[in-house]
Amino acid sequence: MTCVELQQSLAEIEDGSGAEQRAHLETCPTCLALLAELNLIASSARDLSEANEPSPRVWNSIEIVLRTEGLIRPPRADRPHPASFAARWGFARWMVPAAAALLILVGIYVRQHSLASPENMATIPAQQPLQDAAAAGLNDDELLQEVADKTPATQAQYQDHLRRANEYIQDAKQDVQADPNDEEARRSLMEAYQQKAMLFDMAMDRSLP
Amino acid sequence: MSSRTIKVVTIIALVAGTLVAESRKEYRFNVGPKAGISVTNPYGSISVKPSTSNTVVIRAVLNSGKVEVDNTQIGNRVMIQSHLLAGADATSGRVDYDILVPADASVTLHSSTGPMVAEKLHGDVTMEGAAATVNVRDLSDAHVHVKTLNGPVTLNNVQDGHVEIDSLSGEVILIGVNGPLVQVVSTSGHISYTGDFGNSGDYRLTSHSGDIDATIPESTSADVVARSVKGEVHDDIPLQPMAHTWFPIKEGRAFAGTMGHAAMSSTVVLRTFSGKIHLKKRQEK
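Being a predicted model, the structure only gives us computed values, none of them experimental. (Residues numbered from 1 in each chain as written. Chains lettered and ligands numbered in written order. Predicted model: local features only at pLDDT ≥ 70, side-chain atom pairs only at ≥ 80, totals over all residues. Heavy atoms only, no water.)

Q: Talk me through the interface of chain A and chain B; I want residue IDs and the actual numbers.
A: With 33 residues of chain A at the contact, the number on the chain B side is 41 residues. Between chain A and chain B lies a buried interface of about 3200 Å² when both sides are counted; carbon and sulfur atoms form 52% of it. Across the chain A-chain B interface, the total number found is five salt bridges. In this structure, Asp182(A) engages Arg227(B) in a salt bridge whose closest nitrogen and oxygen atoms are separated by 2.8 Å. Counting the contacts that link chain A with chain B gives 13 residue pairs in polar contact (both at pLDDT 80 or more). Among the secondary structure elements, those contributing two or more residues to the side of chain A that touches chain B are helix H10 (155-178) and helix H11 (183-204) of chain A. Looking at the side of chain A that touches chain B, its residues break down into 13 nonpolar, six polar and 14 charged. (Contact = heavy atoms within 4.5 Å. Buried area = accessible area lost by both parts, 1.4 Å probe. Salt bridge = Lys/Arg side-chain N within 4 Å of Asp/Glu carboxyl O. Polar contact = N/O pair within 3.5 Å; in protein donor to acceptor, adjacent residues only side chain to side chain. Helix = DSSP H or I, 4+ residues; strand = E, 2+ residues; numbered from the N terminus. Nonpolar A, V, L, I, M, F, W, Y, C, P; charged D, E, K, R; others polar.)

This is the structure we're talking about:
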């Protein structure tokens, strides 16, 4: 078997375990090294497929480093053009998938608790909705910081809206706890979360200068 | 030169300066049926009315040279964006739009300050704005989606609509609004409905701490469920009690009943946590 024949045969027996392949590999360090590299790539690819998507914060950190290094530049201030979502909101753009994730979490939460017994419901702490929100990445402080940076005049307004939205979630949650079979209560809980998600969405909305 | 003359000259100069800075633009686009028109305007008003042809006409008044109007047409879609230049603020970046669109066009409007008005259309209308006043009137067969933070929302005479309104604290007023779905969700805003709940529609008005008022004629056909978890409910109209409800009826906190013809009944849910609910009878003229 020649080197070319071995490389072609790897398409069928990719780990080089065939009898002819083994015989060639024993005498050809070049093909042996090639096989080792292919195995490494295949192994890394499997690991990659199992890994979670990197957090948006990772991308943000990379962006910051690239800016510091001077490898990328912020948009020119003297000629602002219709800003892309990422350019306008930079750090805050992770909030969109976070808001979507929140709604998914809430959906799962509502479904699970619609099936749960009242006894189990009573053991769920009242802070759960806000923890759900935090788990989904909807961090109130970070949103307010973003609003303060972009439009300081509206920060107090957003703070007030956040407080009210959180109160809505707390009350809706307690209502579900009181009667897990109340379809309307569960729907209200979903709506409460949607109001909060809308607040985050609106903060990033392009209508906001 | 007298002081009076100086004042007059100064005022004239200021007015002239404003007029010079202000500019008007007009854009026209030919579109086909069911065109899509999208307008994004950080500061200023947007008014949309039906045109008599298949032409979209955009008339913009720009408050200063610190804002431009970007316009794009891609196929049957027209996109307009107020483009703020460096140093633009709420005054200098303001653009006021008067827009004519074919009545069947779908319209998407964004403005943080508003006001936004859409009237006499029968395509879908989507309006979003944090503090924008939203006014929608004389629509039919339309999907109407509105989102505001504290901007008040008024819908007047929307027939056969699919209406979804979300506002955190803005007052929501619905007058003569009916259709298969009419839904309002608010955190703290007051919700007011005046109408007859149509036929066989799904009406759902919910607020966390805002009050909910519904004023309806006695001839209304609807299954009504009203509940305030911590507040009060008042009912001026006699209802036939429902045989079954999914929650216990506490006197003063909830009521559930049917009125009118069951075959044509709409389903109406009025729900708040700490606000008041009032179902009122409309005084017939």
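Q: Please provide a residue-by-residue account of the packing of helix H9 (residues 140-150) of chain A against H11(A), values included.
A: Residue and element names in this part refer to chain A. Remark: H9 packs on H11, axes separated minimally by 10 Å, with the N-to-C direction vectors making an angle of 30°. If you check the angle between H9 and H11, you find them roughly parallel. Helix-helix and strand crossings are classified by hand; for H9 and H11 the assignment is left-handed. Counted together, Asp140, Leu143 and Val147 of H9 and Lys196, Phe200 and Ala203 of H11 form the full contact between these two elements. For the contact of H9 with H11, the class distribution of residues is four nonpolar, no polar and two charged. (Axes fitted to C-alpha atoms, helices over the stretch in contact; angles between N-to-C directions. Parallel < 35°, antiparallel > 145°, perpendicular 65-115°, else oblique. Left-handed = near helix turned anticlockwise from the far one by under 90°.)

Q: Go over the nonpolar core, please, and point to the residues and values.
A: Counting residues in each nonpolar core, the largest one holds 67 residues, and the members touching the most others are Tyr97(B), Val101(B), Leu155(B), Ile165(B), Leu174(B), Tyr193(B) and Leu270(B). No fewer than three residues from each of domain 1 (21-105) and domain 2 (133-285) of chain B sit in this core. When near neighbours in sequence (up to four residues on either side) are disregarded, Ile165(B) contacts Val146(B), Val153(B), Leu155(B), Val172(B), Leu174(B), Gln183(B), Val184(B) and Val185(B). In terms of nonpolar packing, the next biggest core, distinct from the first, is built from 13 residues, Leu143(A), Leu199(A), Phe200(A) and Leu168(B) among them. (Core = buried A, V, L, I, M, F, W, Y, C linked by side-chain atoms within 4.5 Å. Buried < 20%, exposed > 50% of the residue type's maximum accessible area, 1.4 Å probe, protein only. Domains from an automatic or database assignment.)

Q: Which residues make up the domain arrangement of chain B, and what values do they have?
A: According to the domain assignment, chain B consists of domain 1 (21-105) and domain 2 (133-285). Between the C-alpha centres of domain 1 of chain B and domain 2 of chain B the distance comes to 34 Å.

Q: Give me the sheet that holds strand E9 (residues 116-119) of chain B: which residues, what numbers.
A: Residue and element names in this part refer to chain B. On the basis of which strands lie adjacent, the open sheet formed by 12 strands has the order E1-E4-E7-E3-E9-E11-E13-E15-E17-E19-E25-E21 and mixed pairing. Each end of this open sheet is capped by a strand with a single partner; those strands are strand E1 (23-30) and strand E21 (233-235). Here the average twist between neighbouring strands, direction ignored, is 10°. Bridge count for E1 against strand E4 (residues 55-62) is eight bridges, and the pairing is antiparallel. Paired with tyrosine 27 across the strands is isoleucine 58, a residue of E4. (Pairing = 2+ DSSP bridges.)

Q: With reference to specific residues and values, describe the environment of Leu100(B).
A: All names here are of chain B. Note on placement: leucine 100 falls in strand E7 (residues 95-101). Using a relative accessible area of 24% as the deciding quantity, one classes leucine 100 as partly exposed. Residues leucine 100 and lysine 66, spaced 34 residues apart in sequence, show a C-alpha to C-alpha distance of 25 Å. When sequence neighbours within four positions are dropped, the list of residues in contact with leucine 100 reads Lys49, Pro50, Ser51, Thr55, Val56, Val57 and Arg59.

Q: Pulling in residues and values, what's your account of the pattern of salt bridges?
A: In the structure shown here, the tally under the stated rule is 18 salt bridges over all chains. Glu26(B) is the partner of Arg28(B) in a salt bridge, and the nearest nitrogen-oxygen pair spans 3.0 Å. Judged by its relative accessible area of 43%, Glu26(B) is partly exposed. Salt bridges sharing common partners tie together Asp160(A), Arg163(A), Arg164(A) and Glu167(A).

Q: Now, about the packing of aromatic side chains: what can you tell me, with residues and values included?
A: Each aromatic ring pair is characterised by the separation of its centres together with the angle its planes make. This model, assessed by the stated rule, comprises four aromatic pairs over all chains. A ring pair is formed by Tyr168(A) and Phe273(B), whose centres lie 5.8 Å apart and whose planes are at 70°; its orientation type is edge-to-face. Taken together, the residues Tyr168(A) in helix H10 and Phe273(B) in the loop between strand E24 (266-272) and strand E25 (277-281) connect one chain to another. Between the aromatic rings of Tyr193(B) and Phe197(B), the centroid separation amounts to 4.4 Å while the plane-to-plane angle is 5°, which identifies the pairing as stacked. (Phe/Tyr/Trp six-rings, centres within 6.5 Å; stacked < 30°, edge-to-face > 60°.)

Q: Which residues make up unusual backbone geometry, and what values do they have?
A: With the exception of glycine, most residues fall at negative phi, and the peptide bonds are largely trans. Residue and element names in this part refer to chain B. Proline 115 follows glycine 114 through a cis peptide bond whose omega is -5°. Topologically, proline 115 is positioned in the loop between strand E8 (106-110) and E9. Its identity is not glycine, yet lysine 34 carries a phi of approximately 50°, on the positive side. Relative to the assigned elements, lysine 34 resides in the loop between E1 and strand E2 (36-40). Positioned with a positive phi, aspartate 141 is a non-glycine residue whose angle comes to about 50°. Position of aspartate 141 among the secondary structure elements: in the loop between strand E11 (134-140) and strand E12 (143-148).

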